[in-house]
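Listed below are the residues making up each chain.
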Amino acid sequence: MTPDLDPSTVVVHAGRPSRVPDAPLGESPVFSSTYIAGGDRGYGRFDNDAWAALETTLGALEGGRGLSFASGMAAAAAVGDLVPVGGRVVAPQHAYSGVLALLDQQAATGRLTVTRVSVTDAEAVSAAVAGADMLWIESPTNPAMEVADIPLLAAAGRAAGATVVVDNTFATPLLQQPLSMGADIVVHSATKFIAGHSDVVLGALVTASDDLWTALELRRRSLGAIPGPMEAFLALRGLRTLALRLERAQSNAAFLAQRLLEHPRVSRVRYPGLPDDPGHALASSQMSGFGAILAVELGGDAAYAQRVCESTTLWVHATSLGGVESMLERRRRWAIEVPTIPEDLIRLSVGIEHPADLWSDLEQALDGE
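From a predicted model like this one, the values you see are computed outputs, not experimental measurements.

Definitions and cut-offs
- Residues numbered from 1 in each chain as written.
- Predicted model: local features only at pLDDT ≥ 70, side-chain atom pairs only at ≥ 80, totals over all residues.
- Heavy atoms only, no water.
- Helix = DSSP H or I, 4+ residues; strand = E, 2+ residues; numbered from the N terminus.
- Rg over C-alpha atoms; globule rule 2.2 N^0.38 Å.
- Buried < 20%, exposed > 50% of the residue type's maximum accessible area, 1.4 Å probe, protein only.
- Areas by Shrake-Rupley, 256 points an atom, 1.4 Å probe, with all protein chains shown as cover.
- Lys, Arg positive; Asp, Glu negative; His and termini not counted.
- Charge placed at Lys NZ, Arg CZ, Asp CG, Glu CD.
- Expected span 1.5 Å × (residues − 1).
- Contact = heavy atoms within 4.5 Å.
- Salt bridge = Lys/Arg side-chain N within 4 Å of Asp/Glu carboxyl O.
- Core = buried A, V, L, I, M, F, W, Y, C linked by side-chain atoms within 4.5 Å.
- Phe/Tyr/Trp six-rings, centres within 6.5 Å; stacked < 30°, edge-to-face > 60°.
- Lys NZ or Arg CZ within 6 Å of the ring centre and 35° of its normal.
- Pairing = 2+ DSSP bridges.
- Axes fitted to C-alpha atoms, helices over the stretch in contact; angles between N-to-C directions.
- 1 Å grid on protein atoms, 1.4 Å probe; cavity = no way out; pocket = protein on both sides within 12 Å on 5 of 7 lines; lining within 4 Å.
- Points joined across faces, edges and corners; volume = space filled by probe spheres on them.
- Right-handed = clockwise from strand over helix to strand, strands pointing away.

K.L.:
What should I look at first to understand the overall build of the protein in this one?
P.N.:
Per the secondary structure count, the protein includes 13 helices and 12 strands. Taken over the C-alpha trace, the protein has a radius of gyration of 20 Å; the compact-globule value for 369 residues is 21 Å, and the two agree within 12%. When its C-alpha atoms are laid out on the principal axes, the protein stretches across 70 × 50 × 35 Å. By residue count, 54% of the 369 residues in the protein fall in the buried class. Accessible area for the protein stands at about 15,100 Å²; split by element, carbon and sulfur atoms hold 54% of it. In the protein, the 27 positive side-chain charges and the 42 negative ones have mean positions that sit 4 Å from each other.

What follows is the structure, encoded as structure tokens:
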């Protein structure tokens with residue numbers, strides 16, 4: 001494709017079949033467990049047309065080569081397997097709880113060691129990464145909404161000889177491209193914004209390194225952590241509308257963040273799009289938008305926060321994000337969420353509904369007793 005295309009155009013046109021007469025506009029899912037001998041494909045665990053189209057599109061958006069996986073956790077686990085036995089991973093204090101739990105499980109068995117740091121403390125990260133095998137970055141972080149200085153941390157990681165990994169799920173490749181900032185591998189829970197309709201579980205990795213791509217593809221193949229062809233097809237179909245969905249959801253998020261900031265029962269709003277947010281300046285410099293996820297704290301009252309989540313009629317009380325519908329949850333209701341996340345923190349994934357309707361529903365839940 002033409003290299004100067006805007007990402008909102010690339011997301012629509014990348015990964016399409018060749019334009020020959022009577023060709024389909026998009027790849028269809030191929031339901032086959034094996035292939036006729038004599039070609040390169042060989043077996044259904046090795047490749048699939050639907051995977052290839054999705055991976056080509058994600059690679060074009062992130063500036064590398066893509067690999068799709070059965071889930072975001074399968075993708076994260078494949079990356080973790082790159083760490084040698086006895087190696088050390090520097091990981092965020094706050095990040096997706098599933099990834100942090102996986103690292104803790106592996107540390108408990110002696111597979112590796114983990115050093116936790118705040119991604120907002122560049123000096124501490126730079127010190128911790130000395131002698132480490134991998135630096136795992138998430139920005140903005142889930143659910144604390146902290147913003148990491150990706151270029152600075154990536155440079156520190158690579159100078160130390162560590163593989164630099166960035167989870168880009170919250171930002172999406174339309175708002176942030178970590179490979180261009182020095183990262184080695186980008187991780188996505190494609191279940192979220194990429195697929196975008198709360199009907200697919202799928203993960204993805206992107207890297208510009210042929211050696212890393214080959215190593216990760218071998219782990220996917222060996223472990224069987226492959227997506228189904230229908231899941232890959234649905235994720236790509238959802239990805240085609242990412243620019244439009246994200247534009248509306250991000251606009252809604254900015255509107256709601258301001259409204260929540262003004263509500264008397266809200267003690268803190270975490271959203272890098274707010275001028276007073278600690279991550280605002282950094283996000284402005286390395287992101288092309290502030291995303292559609294925000295978090296609020298409700299005066300330390302966990303019971304009240306739980307009631308708010310259970311009192312909405314339009315917002316869905318559910319544990320996911322990035323769908324067309326707006327969702328919210330009190331993150332500490334999960335036992336694996338780290339204890340430094342406040343008990344009263346509610347994470348909100350803003351969808352594409354009318355903003356006035358979303359605010360009306362939130363307001364009545366906040367005002368209820």
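K.L.:
Explain helix α13 (residues 355-367) to me, please; I cannot follow it from the model alone.
P.N.:
The periodicity of an α-helix, 3.6 residues per turn, causes residues three or four positions apart to be oriented the same way. In a regular helix each residue adds 1.5 Å, so 13 residues correspond to 18 Å; α13 covers 18 Å between its end C-alpha atoms and thus fits that length. Structurally, α13 contributes buried residues whose contacts are with α10 (242-261), α12 (302-311), β11 (327-330) and β12 (346-349).

K.L.:
Hey, could you run me through the pattern of salt bridges in this one?
P.N.:
Where side chains of opposite charge bring their charged atoms close, a pairing between them can arise. Considering all chains together, one arrives at 15 salt bridges under this definition. The partner of Arg41 in a salt bridge is Asp47, with the nearest N and O atoms 3.2 Å apart. According to the relative accessible area criterion, Arg41 is partly exposed, its value standing at 23%. For the salt bridge of Arg347 with Glu329, the shortest nitrogen-to-oxygen distance reads 3.1 Å. Note that Arg347 is positioned in strand β12 and Glu329 in strand β11, a separation of 18 residues in sequence. Here the residues in one salt-bridge network are Glu329, Arg331, Arg333, Glu337 and Arg347, joined through shared partners.

K.L.:
Any chance you could explain the nonpolar core here in plain terms?
P.N.:
Nonpolar side chains in soluble globular proteins tend to end up buried together. Ranked by size, the top nonpolar core spans 88 residues in total, and within it Leu54, Phe69, Val79, Val89, Trp136, Leu205 and Leu239 carry the most contacts. In terms of residue count, helix α2 (residues 49-62) provides more of this core than any other element does, six residues in total. Beyond its immediate stretch of four places on either side in the chain, Val89 contacts Val83, Leu103, Leu112, Thr113, Val114, Thr115, Met134 and Trp136.

K.L.:
Looking at this structure, how should I read the packing of aromatic side chains?
P.N.:
The relation between two aromatic rings is expressed through the spacing of the ring centres and the mutual angle of the planes. Applying the stated criterion to the full structure yields one aromatic pair. Measuring from centroid to centroid gives 5.7 Å for Tyr43 and Phe46, while their planes differ by 70°, and the two rings are edge-to-face. We classify Tyr43 as partly exposed; its relative accessible area is 39%. We classify Phe46 as partly exposed; its relative accessible area is 25%. Over the ring of Trp213 we find Arg65, and its NZ or CZ is 3.8 Å from the ring centre. Geometry around Tyr96 places Lys192 over its ring, the cationic atom sitting 5.9 Å from the centre.

K.L.:
Which parts of the structure should I look at to understand the environment of Gly273?
P.N.:
Inspection of the secondary structure assignment puts Gly273 in the loop between β8 (268-270) and α11 (280-286). With 19 residues separating them along the chain, Gly273 and Ala254 place their C-alpha atoms 6.6 Å apart.

K.L.:
Mind showing me how you'd approach the pairing of β11 here?
P.N.:
Where a strand is regular, its side chains alternate between the two sheet faces. Every second residue of β11 is oriented toward a common face, with Met327 and Glu329 on one face and Leu328 and Arg330 on the other, all of them buried. Looking at chain direction, strand β10 (residues 316-317) and β11 are connected through two bridges and run parallel. Bridge pairing in β11 places His317 opposite Leu328. Strand direction decides the pairing type here: β11 and β12, joined by four bridges, are antiparallel. Its bridge partner lying in β12, Met327 is registered against Ser349.

K.L.:
In this structure, what is going on with the sheet that holds β10? I would like to understand it.
P.N.:
Sheet strands pair by backbone hydrogen bonding; their relative direction is either parallel or antiparallel. As summarised here, the arrangement of the five strands in space is β8-β9-β12-β11-β10, forming an open sheet in which the pairing is mixed. Two strands lie at the open edges of the sheet, namely β8 and β10, each paired on one side alone. Strand contacts of α10: β8 and β9 (293-297), with the helix running at about 10° to β9, the strand carrying the most contacts.

K.L.:
Help me understand the layout of surface pockets in this model?
P.N.:
Over the atoms rolls a probe the size of a water molecule, and its path tells where empty space is left. The space that makes up the largest pocket amounts to roughly 440 Å³. Lining of the largest pocket is provided by 26 residues; of these, Met73, Tyr96, Asn142, Ser189 and Lys192 occupy positions nearest its centre. Secondary-structure elements contributing two or more residues to the lining of the largest pocket are α3 (72-80), α4 (97-108) and β6 (185-189).

K.L.:
Looking at this structure, I do not really get the pairing of strand β3 (residues 112-117). What am I missing?
P.N.:
The pairing of strand β2 (residues 87-92) with β3 spans six bridges and is parallel. The partner of Gly87 across the bridge, within β3, is Leu112. Handedness of the crossover joining β2 and β3 through α4: right-handed.

K.L.:
Honestly, the sheet that holds β6 in this entry has me stumped. Any pointers?
P.N.:
Strand order across the open sheet formed by seven strands is β1-β7-β6-β5-β4-β2-β3, with mixed pairing between neighbours. The open sheet is flanked by β1 (65-69) and β3, the only strands paired with a single partner. For this sheet, the mean inter-axis angle between neighbouring strands, taken without regard to orientation, is 20°. Of the strands in this sheet, β2, β3 and β4 (134-138) are in contact with α4, which crosses β3 at around 140°.

In short, shape yes, function no, at least from these values alone.
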